[in-house]
Amino acid sequence: MRYIMQPTETRQALLKAIYEELEQAYDDTLEDVLELLKIRKSEDEEDIQDIYAAKNDTTISWEQYKQESA
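Just so it is clear, the structure is predicted and the values come from calculations on it, not from any experiment.

Draft legend 1. Up close: a negative patch on the surface. Taken together, Asp-27, Asp-28, Glu-31, Asp-32 and Glu-35 make up a surface patch of like negative charges. Tracing the backbone shows Asp-27 in helix α2 (residues 27–56). Residue Asp-27 is classed as exposed on the basis of its relative accessible area of 58%.

Take a look at the structure:
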């Protein structure tokens, strides 16, 4: 699972580089990037829900869940 990073110099530099590339990208490329970001966000939300469910599921141990989901 990925975690949202706090703004740092490295992150700001990365965002700047991405923005510069996006400024020159074709519209269909921008649509692809947006779709990818939406997919990643959805996967993150599913991961969070799965972790919450696993922590509250008494039929398997948390360690067992971590091993099976790795």
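Draft legend 2. Inspection of a nonpolar patch on the surface at higher detail. Together, Leu-14, Leu-15 and Ile-18 make up a nonpolar patch on the protein surface, roughly 270 Å² of accessible area in all. Mapping Leu-15 onto the fold places it in helix α1 (residues 9–24). According to the relative accessible area criterion, Leu-15 is partly exposed, its value standing at 40%.

Draft legend 3. Spatial organisation of the confidence of the model for the protein. For the protein, per-residue confidence averages 84 on the pLDDT scale, and 90% of positions sit at 70 or higher. Mean pLDDT per element in the protein: helix α3 (residues 62–69) is the minimum at 75, and α1 is the maximum at 93.

Draft legend 4. Focus on α1. Over its 16 residues, α1 extends 23 Å from the first C-alpha to the last, a length consistent with the 22 Å expected when each residue adds 1.5 Å. A small share of α1 lies buried, amounting to 0 of its 16 residues.

Conventions used here
Every chain is numbered on its own, with residues counted from 1 as its sequence reads. Only residues with pLDDT of at least 70 are given local features in this predicted model, and only at 80 or more are side-chain atom pairs given and counted; all residues enter the totals for whole chains, interfaces and linings. Excluded from the side-chain calculations are hydrogens and water; all other atoms, namely the structure's heavy atoms, are used. Patch building starts from residues that exceed 30% relative accessible area and form no salt bridge, then joins like charges within 9 Å and nonpolar side chains (Val, Leu, Ile, Met, Phe, Trp, Tyr) within 5 Å. Per-residue and other accessible areas follow the Shrake-Rupley method at a 1.4 Å probe size, with only the shown protein chains counted as cover for residues. Salt bridge, as used here, is a side-chain nitrogen of Lys or Arg placed within 4 Å of a carboxyl oxygen of Asp or Glu. When charges are counted, neither His nor the chain ends are considered; positive counts come from Lys and Arg and negative counts from Asp and Glu. In plain terms, the charge of a residue is placed at NZ if it is Lys, CZ if Arg, CG if Asp and CD if Glu. For helices the rule is a DSSP run of H or I covering at least 4 residues; for strands it is a run of E covering at least 2, with both sets numbered from the N terminus onward. To sort residues, take the accessible area from a 1.4 Å probe on protein chains only and compare it with the maximum for the residue type: under 20% means buried, over 50% means exposed, and anything in between is partly exposed. pLDDT is defined as a per-residue confidence score from the predictor, taking values between 0 and 100. A helix is expected to span 1.5 Å for every residue after the first.

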